Amino acid sequence: MRMQLRKRGLVQALVLSTLLASTTLSATPLRELVKPQQQYFGAALETRHLQDKQFSETLAREFNQLTPENEMKWGYLQPERGKFTFDKADQLVEFAQKHNMTVRGHALVWHIQNPDWLANGNFSKQEMLDIMQQHISTVVGHYKGKVKYWDVVNEALDDNGGFRKTLWYKALGEDYIAKAFEFAHQADPDAKLVYNDYATEGKSPKANAAYRLVKKLKEQGVPIHAIGTQAHLVVGTSPRVADIATNIERIKELGLEFHFTEIDMRIKGEASERALQQQADMYQDLAQLSAYFDNANFFTTWGITDKYSWIPSWFNGYDHGLMFDKQYQAKPAYLAVNKVFADKAQGKFDWTPPAPMADSGRRFEAFISNQAEQHMTLDGDIAKWNKAVFYPFAYNQLSGQDLTLPAESNISGRFALLYKGNTLYGRVERRDDKTVIGNKEQVWENDSVEVFLGFGDEFAQIRALVGQPFADTPFQADIKNYWSEDGSVLEFAITPKQTTELAGATLGFNVALADNDEGPTSTRHAQLYPVPGTNNGWQGHDFGEVFFTAQNREISEKLTAQVVSFKAEPIEGFDPLAPFQASQWASAYHYPFAYNQLNPADQTPPSQNNLNGTWRVGYSGNTLYGVVHRHDDVTVTSGDDWQTDNVEIFIKIGEKFVQFRSIVGQDFQENDYPGKHLAKWSEDGSLLQFAIELPVDELKGKSIDWSIALADNDDGESRSAQLYPAPGNNTAYLGEQLTRLSFSK
Ligand code: XIL
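If you're wondering where the values come from, they're calculated on a predicted model, not measured in any experiment.

Looking only at helices and strands, the protein has 14 helices and 36 strands in total. Its C-alpha atoms give the protein a radius of gyration of 28 Å, within 12% of the compact-globule value 27 Å for 745 residues. With the C-alpha coordinates aligned to their principal axes, the bounding extent of the protein is approximately 85 × 60 × 50 Å. The buried share of the protein, taken over its 745 residues, is 61%. Long-range contacts, defined as pairs at least 24 residues apart, comprise 70% of the intrachain contacts of the protein with a sequence gap of at least 6. For the protein, the exposed area adds up to about 29200 Å²; of that, 47% sits on carbon and sulfur atoms. Taken as two groups, the 72 positive and 96 negative side-chain charges of the protein have centres that lie 6 Å from each other.

Right, let's talk about the site of the ligand for a bit. Close to the ligand lie 14 residues, the nearest being Glu69, Lys73, His106, Glu262 and Trp302. One of the side-chain nitrogen or oxygen atoms of Glu262 is found 2.8 Å away from an oxygen atom of the ligand. Class assignment for the residues of the shell around the ligand results in 4 nonpolar, 6 polar and 4 charged.

Under the counting rule described, the total for this entry stands at 32 salt bridges. Its salt-bridge partner being Arg104, residue Asp151 comes within 2.7 Å of it at the nearest N-O pair. One end of the pair, Asp151, is in strand β6 (residues 149–154); the other, Arg104, is in strand β5 (residues 102–109), with 47 residues separating them in the sequence. Accessibility assignment for this pair places Asp151 and Arg104 in one class, buried. Residues Lys216 and Glu174 are paired through a salt bridge, measuring 3.2 Å at the closest nitrogen-oxygen approach. On the criterion of sequence distance, the pair formed by Lys216 in helix α10 (residues 205–219) and Glu174 in the loop between α8 (167–172) and α9 (175–187) is long-range, its members being 42 residues apart. Given the relative accessible area of 39%, Lys216 is considered partly exposed. Glu174 sits in the partly exposed class, given a relative accessible area of 29%.

How two aromatic rings sit relative to each other is set out by the distance from centre to centre and by the angle between their planes. The tally for this structure, following the rule as stated, stands at 47 aromatic pairs. Between Tyr149 and Phe298 the ring centres are 4.6 Å apart and the planes differ by 70°, which places this aromatic pair in the edge-to-face class. Residue Tyr149 is found in strand β6, and its partner Phe298 is found in strand β11 (residues 298–301); the two are separated by 149 residues along the sequence. Each of the two residues, Tyr149 as well as Phe298, counts as buried. An angle of 80° between the planes, with centres 5.8 Å apart, marks the rings of Tyr292 and Trp351 as edge-to-face.

Attention now moves to the packing of α10 against helix α11 (residues 241–253). Two packed helices can be described by the angle between their axes and the distance between those axes. The contact between α10 and α11 brings their axes to 11 Å, and the two run at 5°. The pairing of α10 with α11 is recorded here as roughly parallel in orientation. Contact with α10, carried on its side by Ala207, Asn208, Tyr211 and Val214, involves Asn247, Arg250 and Ile251 of α11 and no other residues of that element. Of the residues belonging to the contact of α10 with α11, the class tally is 4 nonpolar, 2 polar and 1 charged.

This brings us to unusual backbone geometry. The amide bond that connects His106 to the next residue, Ala107, takes the cis arrangement and shows omega of -5°. Mapped onto the elements, Ala107 comes out in strand β5. The backbone of Gln37 shows a phi angle near 80°, a positive value even though the residue is not glycine. Assignment of secondary structure puts Gln37 in the loop between α2 (30–33) and β3 (40–45). Given a relative accessible area of 47%, Gln37 falls into the partly exposed group. At Asn730, a position not held by glycine, the phi torsion is positive, near 60°.

Time to look at the environment of Asp350. Position of Asp350 among the secondary structure elements: in the loop between α14 (332–345) and β13 (367–371). Asp350 sits in the exposed class, given a relative accessible area of 69%. Along the backbone, Asp350 and Glu450 are 100 residues apart, and their C-alpha atoms lie at a distance of 44 Å.

A few words now on α9. Look at α9: 19 Å from first C-alpha to last across 13 residues, which is about the 18 Å you get at 1.5 Å a residue. Looking at α9, one finds that the buried residues are Tyr176, Ile177, Ala178, Ala180, Phe181, Phe183, Ala184 and Ala187. Buried-residue contacts for α9 involve β5, α7 (125–142), β6, α8, β7 (192–197) and α10.

The end-to-end C-alpha separation of helix α12 (residues 273–292) is 28 Å, in line with the 28 Å expected for 20 residues at 1.5 Å each. Here α12 lies mainly inside the structure; 17 of its 20 residues are buried.

Our next topic: the pairing of strand β28 (residues 611–620). With 8 of its 10 residues buried, β28 lies for the most part within the structure. In terms of strand pairing, strand β25 (residues 565–570) meets β28 through 2 bridges, oriented parallel. Residue pairing for β28: Glu569 is matched across the bridge by Gly618. Across 2 bridges, strand β26 (residues 591–592) lies against β28 in antiparallel orientation. Across the sheet, Tyr591 pairs through a bridge with Trp615, a residue of β28.

Conventions adopted
- Residues numbered from 1 in each chain as written.
- Predicted model: local features only at pLDDT ≥ 70, side-chain atom pairs only at ≥ 80, totals over all residues.
- Heavy atoms only, no water.
- Helix = DSSP H or I, 4+ residues; strand = E, 2+ residues; numbered from the N terminus.
- Rg over C-alpha atoms; globule rule 2.2 N^0.38 Å.
- Buried < 20%, exposed > 50% of the residue type's maximum accessible area, 1.4 Å probe, protein only.
- Contact = heavy atoms within 4.5 Å.
- Areas by Shrake-Rupley, 256 points an atom, 1.4 Å probe, with all protein chains shown as cover.
- Lys, Arg positive; Asp, Glu negative; His and termini not counted.
- Charge placed at Lys NZ, Arg CZ, Asp CG, Glu CD.
- Near = heavy atom within 4 Å.
- Polar contact = N/O pair within 3.5 Å; in protein donor to acceptor, adjacent residues only side chain to side chain.
- Nonpolar A, V, L, I, M, F, W, Y, C, P; charged D, E, K, R; others polar.
- Salt bridge = Lys/Arg side-chain N within 4 Å of Asp/Glu carboxyl O.
- Phe/Tyr/Trp six-rings, centres within 6.5 Å; stacked < 30°, edge-to-face > 60°.
- Axes fitted to C-alpha atoms, helices over the stretch in contact; angles between N-to-C directions.
- Parallel < 35°, antiparallel > 145°, perpendicular 65-115°, else oblique.
- Expected span 1.5 Å × (residues − 1).
- Pairing = 2+ DSSP bridges.

Taken by themselves, the reported measurements are silent on function.
And the structure:
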């Protein structure tokens, strides 16, 4: 029970502190740290791997669960129609039985690794159903009592959270999922049945769709017991721990288990000490979640050793995803996981999940700055920004209560942030029909980009006119920039002296794009920011926040920016059923639908021709009134309700949360909200007017948690955009990532 460990230097010592006495480690094997049934450590493998003595020894020593990596897939089990070949899979089951391991069958229904006869069979609906039933009942029947868990349906969702148009979906519609579970249950009523998918760990739209899917199955009485999330992660870009924790919790509330089923964490290029340490931190995150939540009882890695991993052949340039290297040396990842469960076994595990943002008083999702792989050269090349999230310049703070944007050809843009060490990198893309930089007297009236940073009590304003370096500032920092020849791209690097490392930090932040179209003696007509406000960035007000994601575990408890909120003014005599009267709304704040939360990597909205919208709200007594203007090239109102063109309104008062949805042309859909509510669209779908009575005496002076979203489906299949007032993960429907709406006094 002894394994050799090569010394990997100082970083490792941090993880090991108590465990590592010398370069040789004797750690208690994982499986001995836990009780089976309560915690599984699993590995995927193929029969050929068992010939490798080091492999089978490591497997038997460390793991109490195995998953056939390929040999229970359809192509192996039923290569010809009606002819089943179980020999390889049987060998794995025998090995498991001999070593007292639980078997997880993988995977009954999937869209790839199917035999040709099935993939190209062009079967009728009834034939496909029969084929599926025969396969499932034969396979599950063959392993009845021997395979305790089954991945029944694998990867039924596409990356936006719609149904993947697989051979099964095309033949049977979404119903194939419930059917597969029913067939499996009939064949072995004691087997635990799982829906398995990837990129469903945290709170992405796809993770939310997976949640909705299993919730619906459960509510329909379909025999489902767990959701598996594959966790094929990339070092440096893991989902937030707080989000995974919330996901596990909501799955738990459904009475389901939550499994990590195919863990690996691939590294791009060399497995440097730093990369291995980052990887160990991510492994530690999942291990802690698994140790903390009793329903997160599977920690299964997709292989054991990097020697046989699927990664290099599937992800060009990536490797080193597992806990053991090619020589079966335990990597820092292994030690980190082992330490978590060793602590737990000794009653020393005192980790608790980080609070979700909602609990830290935030009402506006922060801007994310991910870590860059290396220090960057400022040269305008977009390739180096592939890990960054792009955000729009969303609000024009320069025209009083109208915060909507000018035409995009007049001035528009987006920005992204990354960091490395203590350097903040930024990229601003700017589209402008006329560039003016000749105003010498009032420099701020020129076309420029301004960056605002709040470090604790210190505040920095850093301005660069288009084509020029950042002007001198008292702020203690190294500042560099690059402009493209045509002024359309700015890249900058700001290295503040206050800190040596941005990882895990939260800073106050803002960035502004100023536009003067008249000339050197004139003034700006627009200054665009990512947040609403009153053009007070230069005073250190109206900030957003930026999170430096590190291992995504840190959300500062302390707000570094004011709570950004939207405003409602009183309105008199409004009737949602009467024609729109602009004069009634003259004193209302006018806001754009600003962020496309359906695209986590680029939250900028589509072009204004494709979709464009604005909203205004007002109040009288206890009734909230609103108007939405919508400009859309294609209107889709059929299909799943949430995939239609619609407006959704989210309101949370105290603990009570309610979601309203109005599909274009229709009143609000039924919900359990007792108060009066009404939505009315114009004939052509360009205008929505609504009224919602809220459960308070009067709204004056109060504020509520709220959001509003404009959804757009252009292809009849699924939405391409859902625009919100703020950035986020499209989780408003869960009562999260809402903004504040204040009713004036
Ligand atoms: C992979 C195997 O590891 C490869 O050997 C094979 O060539 C393709 O499939 N999600 C799943 C697994 O559910 O079945 C996949 O396994 C990896 C992604």
